[in-house]
Amino acid sequence: TLVASSPFPADFAPRQALAARPDLGDGGNLRPVVDLLVEQIEVADFVVLNKMDLLEQQGGGQEKKDELVAVISTLNPLATVVPCANGQVPLEQVFGPGSHGSVVARLNVEGQHRGAVAAARAQQEAAKQGPSAACTACEQEEETKHKQHDHCSNGHSHEEKHAHSHENKEHSHDHSHGPACGEEGHTHSEACGHGHKHEHAETPETRAAKRFGIRSFVYSSRRPFHPLRLKEMVLKWLPVSTNQAINGEAPELGDSPIKAVLRSKGFMWMSNSHSTAYYWSHAGQHFEIRDEGDWWAAVAEEDWPEEQEQRNVILADWDHSSGFGDRRQEIVFIGVNMDEAKIVQQLNGALLTDKEMEKYVARWSAVPDPQHPAAEALKKPKLGA
């Protein structure tokens, strides 16, 4: 993906629709410009930041350049970020033997989500334990990435119809957990790909992210949100001008910890819709919650993907103690100087209470999910254990 560095901050902020930007070549589309910009960054294996010289000439200086690199690297921690001027990029950096090839671009929504979750969790772990923790996380993810690469080369398409698409009630659950690139201890020159090297030294992206307070974390819970409390306690406070989830209402004035968020995305579980997996998507001034199809727990096992690797990924998301399968909150938050504890507290306040959860269980136990023998087999203790 090629990014024009100098206008990017301005394009990231406004609420314009693509219909107002014919220069972006999408006709009369009403999709927000920022949505397209973020998508193009997040699906790329390489992000080329062109016109960095103009950014400096406009008075940005090195600090603005570093800040842009840090933002892009946080939006897509799996990509190699290549700053340049006049579109001049060394071919060996993108196509040479050390490059990681096309991996991110072949992922669907869930595959990208898994990569973002893995990277954010690696960053959280590295912050707690130091640079060596990020390398350990990347090594763990590297094995999965190699499996993904091999599987792709054998003709498997990540757009196969196993997918979270409510139009056909099928699912496209990608079996790859993306690598935790871009964290402490990693060099983007090797892109955490084939033959990548570990160096226990901060990258420019990591240093810049620390300097500007840019970071990410994963919010996780095994309880559904209460729709009304979610609106009042969280959604109304998001720092956006276009919020489709609350019918376009203006955001609440005043301070809220969630206003430090620049980008957030992930799967969410709502108490008023037991079978449907929703996708939370916030970028710049735009926010929406969209239907991504059914949770795997609501899908009969014979309709799951045939590949065992993909089934293993589904089962890895399973909560064997609750009986609700893969239903969960799993949202990645990216922002500047975020107070994670307060944002988590704000989100937790929108979850069902213990009493509400009892009623929820009673209501939906009358409409059980299909049987899942594979999940039950994992739940049973092994003989001799």
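Placed above this text is the structure.
Criteria and cut-off values
Residue numbers run consecutively from 1 along every chain, following the written order of its sequence. In keeping with the model being predicted, local features are shown solely for residues with a pLDDT of at least 70 and side-chain atom pairs are shown and tallied solely at 80 or more, while totals for entire chains, interfaces and linings include all residues. In computing side-chain values, all of the structure's heavy atoms are included and hydrogens and water are not. When a residue's accessible area, from a 1.4 Å probe over protein chains only, is under 20% of the maximum for its type it is buried; when over 50% it is exposed; and in between it is partly exposed. The secondary structure listing takes helices from DSSP runs of H or I that are at least 4 residues long and strands from runs of E that are at least 2 residues long, numbered from the N terminus. Two strands are said to pair when DSSP picks up at least two bridges between them. All axes are obtained by fitting lines to C-alpha atoms, using only the stretch in contact for helices, and the reported angles, taken between N-to-C directions, cover 0 to 180 degrees. The contact criterion used is simple: two residues touch if any of their non-hydrogen atoms lie within 4.5 Å. We define the nonpolar core as a collection of buried residues of types Ala, Val, Leu, Ile, Met, Phe, Trp, Tyr and Cys that are connected through side-chain atoms lying within 4.5 Å of one another. Put simply, a salt bridge is a Lys or Arg side-chain nitrogen that is within 4 Å of an Asp or Glu carboxyl oxygen. Points on a 1 Å grid, built from protein atoms alone, make a cavity when a 1.4 Å probe fits but cannot get out and make a pocket when they are open with protein on both sides within 12 Å along at least 5 of 7 lines; residues with an atom within 4 Å of a point are the lining residues. Grid points are joined across faces, edges and corners, and a volume is the space filled by probe spheres set on the points. For this classification, the nonpolar set comprises Ala, Val, Leu, Ile, Met, Phe, Trp, Tyr, Cys and Pro, the charged set comprises Asp, Glu, Lys and Arg, and every other residue, Gly included, is treated as polar.

(A) Structural context of the pairing of strand 7 (residues 276-283). Strand 7 sits mainly inside the fold: 7 of its 8 residues count as buried. Sheet topology places strand 6 (residues 261-268) next to strand 7; 6 bridges connect them, and they run antiparallel. Among the inter-strand pairings, Ser-264 is bridged to a residue of strand 7, identified as His-282. Across 7 bridges, strand 7 lies against strand 8 (residues 286-294) in antiparallel orientation. What sits directly across from Trp-280, in strand 8, is Ile-289. The turn linking strand 7 back onto strand 8 is made up of 2 residues, and Gly-284 within it adopts a positive phi angle of 60°.

(B) Representation of the sheet that holds strand 3 (residues 80-83) in the model. Taken in spatial order, the 3 strands of this open sheet run 1-2-3, and their pairing is parallel. Either end of the sheet is taken by a strand with one partner, and the two such strands are strand 1 (2-4) and strand 3. Across the sheet, the mean angle from the axis of one strand to that of its neighbour is 25°, orientation sign disregarded. Sheet topology places strand 2 (residues 46-50) next to strand 3; 4 bridges connect them, and they run parallel. Following the sheet pairing, Leu-49 is matched in strand 3 by Pro-83.

(C) The environment of Ala-4, seen in detail. Secondary-structure assignment places Ala-4 in strand 1. With a relative accessible area of 31%, Ala-4 lands in the partly exposed category. Sequence separation between Ala-4 and Asn-50 is 46 residues; the distance between their C-alpha atoms is 5.2 Å. Setting aside residues up to four positions removed in sequence, Ala-4 forms contacts with Asn-50 and Lys-51.

(D) Main features of the nonpolar core. Among the nonpolar cores identified, the biggest contains 24 residues, and Ile-41, Val-47, Leu-49, Leu-68, Ile-72 and Val-332 are the most heavily contacted of them. Contributing elements (two or more residues each) for this core: strand 2, helix 3 (52-57), helix 4 (61-75), helix 6 (109-129), strand 4 (214-221) and strand 9 (329-336). For this core, the element with the highest residue contribution is helix 4, accounting for 6 residues. Each residue touching Leu-68, except ones within four places of it in the same chain, is listed here: Ser-5, Phe-8, Leu-49, Met-52 and Leu-55. Residues Ile-246, Ile-258, Val-261 and Met-338 belong to the second largest nonpolar core, which totals 22 residues.

(E) Just the pattern of salt bridges, in detail. As enumerated under the stated definition, the model contains 16 salt bridges in all. One salt bridge connects Glu-356 with Arg-229, and the closest N-O pair in it is separated by 2.6 Å. A residue pair is termed long-range when its members are at least 10 positions apart, and Glu-356 in helix 12 (residues 354-364) and Arg-229 in helix 9 (residues 227-233) qualify at 127 residues. In this structure, Arg-328 engages Asp-317 in a salt bridge whose closest nitrogen and oxygen atoms are separated by 3.5 Å. Of this pair, Arg-328 sits in the loop between helix 10 (308-316) and strand 9 while Asp-317 sits in the loop between helix 10 and strand 9; the two residues are 11 residues apart in sequence, bridging distant segments of the chain.

(F) Geometry of empty space enclosed by the protein. This model, assessed by the stated rule, comprises 2 cavities of 30 Å³ or more. Its volume calculated, the largest cavity comes out at about 60 Å³. If you go around the largest cavity, the residues you meet are Glu-42, Leu-75, Asn-76, Pro-77, Leu-78, Val-104, Gln-112, Gly-115, Ala-116 and Lys-265. Per-element accounting of the lining of the largest cavity gives the leading share, 3 residues, to helix 6. For the lining of the largest cavity, a count of residues per class yields 5 nonpolar, 3 polar and 2 charged.

(G) Geometry of the sheet that holds strand 4. What the 6 strands build is an open sheet, ordered 4-9-6-7-8-5; its pairing is mixed. Bordering the open sheet on either side are strand 4 and strand 5 (242-243), each of which pairs with just one other strand. Relative to strand 9, strand 6 runs antiparallel, the two sharing 6 bridges. Across the sheet, residue Ser-264 finds its bridge partner in strand 9, namely Phe-333. Packed onto the sheet, helix 4 meets strand 4, strand 6 and strand 9 and runs at close to 20° relative to strand 4. Sheet strands touched by helix 6: strand 4, strand 6, strand 7, strand 8 and strand 9. Its angle to strand 4, the strand with the most contacts, is close to 110°.

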